[in-house]
Amino acid sequence: MATCLRLRRCMSIDSRAFFVSAARFSSSSSSSSPSSLSSGKTKTGKKLIDRLSAVMDAVHDRKLPPELRGQRNNVRSETDMINVVEQRIWHSMEEGQFENLPGKGKPLKLDTNPHADPAEDTLYRILSKNGCAPEWVELNKEIRSKISEWRMSLKKAWANKCSGDHSEWVESSENLKSQLREINDKVFRYNLIVPFGRQMFGLKWEKELGYLEEK
């Protein structure tokens, strides 16, 4: 998947660069040539653009898997390239290329993460051996626990309001809003220290009330 995304990104960047250059050439040719020579300049510019377009098509074809070369216009999404990758995997499995691989039948070695920063990976292993967890893990547990307790309190206060007891709702809602701000402060800190891709959303008062009104 990552390979497909990189291919698509490279193709789109090259295409944008090509069309910008072609547009600049075309505009400069049309603006600088006299009217009597405009026809000849236009033909020359068109031929150059056609040649450049053919070169770009050849470059893009080389970026595609062999199965899709020569039919670049039929590649409409990453799914087409993913299908080719999956077909290769299945063919390899049928041919037995995944048999007798090193470490087959043995447990995976998860002591190190080859994709993590070496310094962070070492730190996490030290924390794990001493029965500790990274700060963001502990903070995540705390936030989820507080959110659960907060929603239970909100549900109870809302039930009292719906039963006709409006006197306590004003005071309860103010306390709940204050607790909500404290939770969101913790969420903000969590999002600053958590690894990328694990961020969470804070609570919104109106949205939480909307959930209760729908029930």
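A brief look at the structure comes next. Computed from a predicted model, the values in this text were never measured in an experiment. Along each chain, numbering runs from 1 in the same order as the chain's sequence is written. The predicted nature of this model means local features are confined to residues of pLDDT at least 70 and side-chain atom pairs, given and counted, to a pLDDT of 80 or more, with totals for whole chains, interfaces and linings taken over all residues. Side-chain calculation: all heavy atoms of the structure are included, whereas hydrogens and water are not.

1. Description of the overall build of the chain
Item 1. Looking only at helices and strands, the chain features 7 helices and 0 strands.
Item 2. Listed N to C, the secondary structure of the chain is α-α-α-α-α-α-α in terms of helices and strands.
Item 3. Every one of the 215 residues in the chain was classed for burial, and the buried ones make up 20%.
Item 4. Of the contacts formed within the chain by residues at least 6 apart in sequence, a portion of 57% connects residues at least 24 apart.
Item 5. Roughly 16500 Å² of accessible area belongs to the chain as shown, and the carbon and sulfur atoms make up 55% of that amount. Runs of E in the DSSP output that reach at least two residues are strands. Runs of H or I that reach at least four are helices, and both are numbered from the N terminus. Only protein chains enter the accessibility calculation, which uses a 1.4 Å probe; a residue is then buried when its area is under 20% of its type maximum, exposed when over 50%, and partly exposed in between. When checking whether two residues touch, look at their non-hydrogen atoms; a contact exists if any pair is within 4.5 Å. Reported accessibility uses the Shrake-Rupley method at a 1.4 Å probe radius. Residues are deemed covered only where the shown protein chains occlude them.

2. Some remarks on helix α6 (residues 167-193)
Item 1. Between its first and last C-alpha atoms α6 spans 41 Å; for 27 residues at 1.5 Å apiece the expected length is 39 Å, and the two agree.
Item 2. Residues of α6 that are buried: W169, S173, L176, L180, I183, V187 and Y190. One less than the number of residues in a helix, times 1.5 Å, gives the span that helix is expected to have.

3. Side note on the pattern of salt bridges
Item 1. Think of a salt bridge as a Lys or Arg side-chain nitrogen and an Asp or Glu carboxyl oxygen that are within 4 Å of each other. Tallied over the entire structure, the rule returns 3 salt bridges.
Item 2. Between E135 and R189 there is a salt bridge, and its shortest N-O distance comes to 2.6 Å. Separated by 54 residues along the polypeptide, E135 in helix α5 (residues 135-162) and R189 in helix α6 bring together distant segments of the chain.
Item 3. Here K186 and E142 are joined by a salt bridge, their closest N and O atoms 3.1 Å apart. A residue pair is termed long-range when its members are at least 10 positions apart, and K186 in helix α6 and E142 in helix α5 qualify at 44 residues.

4. With respect to helix α4 (residues 118-129)
Item 1. Between the first and last C-alpha of α4 there are 17 Å, a value that for 12 residues agrees with the 16 Å anticipated at 1.5 Å per step.
Item 2. Looking at the residues trailing α4, positive phi occurs at G131, about 75°.

5. Structural notes on the packing of aromatic side chains
Item 1. Paired rings are identified among Phe, Tyr and Trp, the last through its six-membered ring, by centres lying within 6.5 Å, and are further divided according to the angle between planes into stacked (under 30 degrees), edge-to-face (over 60) and tilted (the rest). Under the defined criterion, the tally for this structure stands at 3 aromatic pairs.
Item 2. Each ring, one from W150 and one from W205, has its centre 6.2 Å from the other, and the planes form 70°; the classification is edge-to-face. Taken together, the positions of W150 in helix α5 and W205 in helix α7 (residues 205-214) put the pair 55 residues apart, joining distant regions of the chain.
Item 3. Since its relative accessible area comes to 1%, W150 is described here as buried.
Item 4. Its relative accessible area of 12% is what places W205 among the buried residues.
Item 5. Here a set of aromatic residues connected by ring pairs shows up, and it is made of W150, W158, W169 and W205.

Nothing here speaks to function; it is geometry throughout.
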